[in-house]
Amino acid sequence: MRLRALLTALALLPCAAAPAGDFFKLTGHGGPVRGIDVSPDGRQVLTASFDYSVGLWRSGSPVWLEAHDAAVNAVRFIDDRRAVSAGDDNDVRLWNLERGAPRRLGSHKAKVVSLALSPDRGLIASASWDGRIGLWPVDSGATRFLKGHTAGVNDVVFSEDGTRLYSASTDGTIRVWDHARGVQTRHILEGRFGINTLALDEDEGWLAYGGVDGATRILDLETGREIADFTLQRRPILAMAFDREGGTLAVGDGEGFIKVIDSRRWTVLRDFRAALRGPVWALAFSADGEDILAGGIDDALYSWPIAALGAGGLMAGGDRSFLRDPASMGNGERQFQRKCSICHTLGPEGLRRAGPTLFGVFGRPAGGVPGYKYSRTLREAEFVWNEDTIDALFDEGPDRFVPGTKMPMQRIARPADRSDLIAFLKHATREGGRQR
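Residues numbered from 1 in each chain as written. Predicted model: local features only at pLDDT ≥ 70, side-chain atom pairs only at ≥ 80, totals over all residues. Heavy atoms only, no water.

**What about the packing of aromatic side chains?**
Overall, the coordinates contain 14 aromatic pairs when judged by the stated rule. Relative to Phe242, the ring of Trp206 lies with its centre 5.0 Å away and its plane at 80 degrees, an arrangement referred to as edge-to-face. Separated by 36 residues along the polypeptide, Trp206 in strand E19 (residues 206–211) and Phe242 in strand E22 (residues 237–243) bring together distant segments of the chain. We note that Trp206, like Phe242, is buried. Judged by centre distance (4.7 Å) and plane angle (80 degrees), the ring pair of Tyr372 and Tyr374 falls under edge-to-face. (Phe/Tyr/Trp six-rings, centres within 6.5 Å; stacked < 30°, edge-to-face > 60°. Helix = DSSP H or I, 4+ residues; strand = E, 2+ residues; numbered from the N terminus. Buried < 20%, exposed > 50% of the residue type's maximum accessible area, 1.4 Å probe, protein only.)

This is the structure in structure tokens:
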């Protein structure tokens, strides 16, 4: 079964939008999609989301894999029955997809943003903002860490024979590692700007990278010289995917464009706006290389046939509440959309979000929504949510008001803005209030 046939079947389910021509959209997540992978047999898709979950998409209803305590950033199939995921909770987890059961391999000291799998599928590499690369044996063996970057590591990719590992970092370098010996063997690049993502074809002798400054460049592996430069005035570059069989490189940026490059001629095949608003965070090719999958700020996975890129729909079509025009809202609602709406809903249904619903929050004990997986801090807290505690939460910041919480670290500095937010919430979270 080709991927498009799978997506057609899924698109007929209640959790997904109907197909529009050859363009497909799969919905069900409660937050932006940060990572995508396609199974080796081409029959399954995995998505990693800000809603703390991994989605497993097969013929039938999607299966939600839930064990992470924060946003999930990366996911990879080990084989058709196993997968690995990692995220903002610093954890790396190995999943049995048949049972939906995870095994925690271990943790970094900061969020994990990318995963790579060795060609023999026996070793997982993780890129973390703690500046280290984790090496996790799939079946047995000790975990090891590679150290040398002076800032967060954003991406890792294995060599064709699996003996070397390439890494990209916020420190502006691309490094090569002999991971068996645990040593760095080479600097390919030392630049002024952070490097976010990599793609590699050792058979053809090149390495592609995307940077914070919008750089999209191709380097000769042997000499490090620049082969091609596809940099445009769009930044940052956030995602790359490479279809080796077709020689096709896809690049996603922070302004919502996907560029498709022919790596055999180094020419641009397509350059189109994929997202109405927001970034393209994740890219993947179907197993046959005929479709490109993307994820971004919307709660969905999108797929286009490469032959008709730009002819289908757009990501983030404007229905997300935080994408509304700020001028159409009062100040209290603007504060909610900016600070709260990506994690919380206002209605009693809750939906799939990283945080619990705020419906009925005034007078509710901390940690009081049944079924939500709270941090230990909030489970054991003894305060009630009211005007004073919500004001203190955003005045001090969640990390100070409730140390150990999973809530993002953010503040609302102006008392008038906090007061407007509280007034909005008091109306919107009650029965019959304005809910989105």
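Having seen the model, we can carry on.
**Notes on the packing of helix H4 (residues 387–396) against helix H6 (residues 415–428)**
Where H4 meets H6, the closest approach of the two axes is 10 Å, and the angle between their N-to-C directions is 135 degrees. Classified by the angle their axes make, H4 and H6 are oblique. The handedness of the crossing between H4 and H6 comes out as right-handed. The segment H4 lies against H6, with Glu387, Ile390, Asp391, Phe394 and Asp395 engaging Arg418, Leu421, Ile422 and Lys426. Residue composition of the contact of H4 with H6, grouped by class: four nonpolar, no polar and five charged. (Axes fitted to C-alpha atoms, helices over the stretch in contact; angles between N-to-C directions. Parallel < 35°, antiparallel > 145°, perpendicular 65-115°, else oblique. Left-handed = near helix turned anticlockwise from the far one by under 90°. Contact = heavy atoms within 4.5 Å. Nonpolar A, V, L, I, M, F, W, Y, C, P; charged D, E, K, R; others polar.)

**What to know about the pattern of salt bridges**
All told, the structure shown has 24 salt bridges when counted by the stated rule. As a salt-bridge pair, Arg58 and Glu98 come within 3.4 Å of each other at their nearest N and O atoms. In this pair, Arg58 is assigned in the loop between strand E4 (53–57) and strand E5 (63–66) and Glu98 in the loop between strand E8 (91–96) and strand E9 (101–107), connecting sequence segments 40 residues apart. Residues Lys111 and Asp88 are paired through a salt bridge, measuring 3.7 Å at the closest nitrogen-oxygen approach. Taken together, the positions of Lys111 in the loop between E9 and strand E10 (112–117) and Asp88 in the loop between strand E7 (82–87) and E8 put the pair 23 residues apart, joining distant regions of the chain. Under the relative-accessibility criterion, Lys111 is labelled partly exposed at 25%. A single network of salt bridges, built from pairs that share partners, joins Asp391, Asp395, Arg411 and Arg418. (Salt bridge = Lys/Arg side-chain N within 4 Å of Asp/Glu carboxyl O.)

**Describing the side chain of Asp178**
Of note, Asp178 is situated in strand E16 (residues 173–178). One polar contact links the side chain of Asp178 to the main-chain amide nitrogen of Ala180, over a distance of 3.3 Å. When neighbours within four sequence positions are excluded, Asp178 is seen to be in contact with Thr163, Val183 and Thr185. (Polar contact = N/O pair within 3.5 Å; in protein donor to acceptor, adjacent residues only side chain to side chain.)

**Let's talk about the layout of surface pockets**
Considered as a void within the structure, the second largest pocket measures approximately 900 Å³ in volume. For the second largest pocket, the lining is made up of 41 residues, of which Tyr52, His344, Lys406, Met407 and Pro408 are closest to its centre. Every element with two or more residues in the lining of the second largest pocket is listed here: helix H2 (331–339), helix H3 (376–379) and H4. Residue contributions to the lining of the second largest pocket peak at three residues, all from H4. (1 Å grid on protein atoms, 1.4 Å probe; cavity = no way out; pocket = protein on both sides within 12 Å on 5 of 7 lines; lining within 4 Å. Points joined across faces, edges and corners; volume = space filled by probe spheres on them.)

**Regarding empty space enclosed by the protein**
For the coordinates displayed, the defined rule picks out one cavity of 30 Å³ or more. Of the pockets and cavities examined, the largest cavity occupies roughly 50 Å³. Forming the boundary of the largest cavity are Gly214, Thr216, Phe230, Leu232, Arg234, Ile237, Val251, Asp253 and Lys259. A per-class count over the lining of the largest cavity returns four nonpolar, two polar and three charged.

**Remarks on the packing of H2 against H6**
Contact geometry for H2 and H6: axes closest at 7 Å, N-to-C directions at 90 degrees. Between H2 and H6, the angle falls in the class roughly perpendicular. Across from Asn331, Gly332, Glu333, Gln335 and Phe336 in H2, the residues of H6 making contact are Ala416, Asp417, Asp420, Leu421, Phe424 and Leu425. In the contact of H2 with H6, the residues fall into five nonpolar, three polar and three charged.

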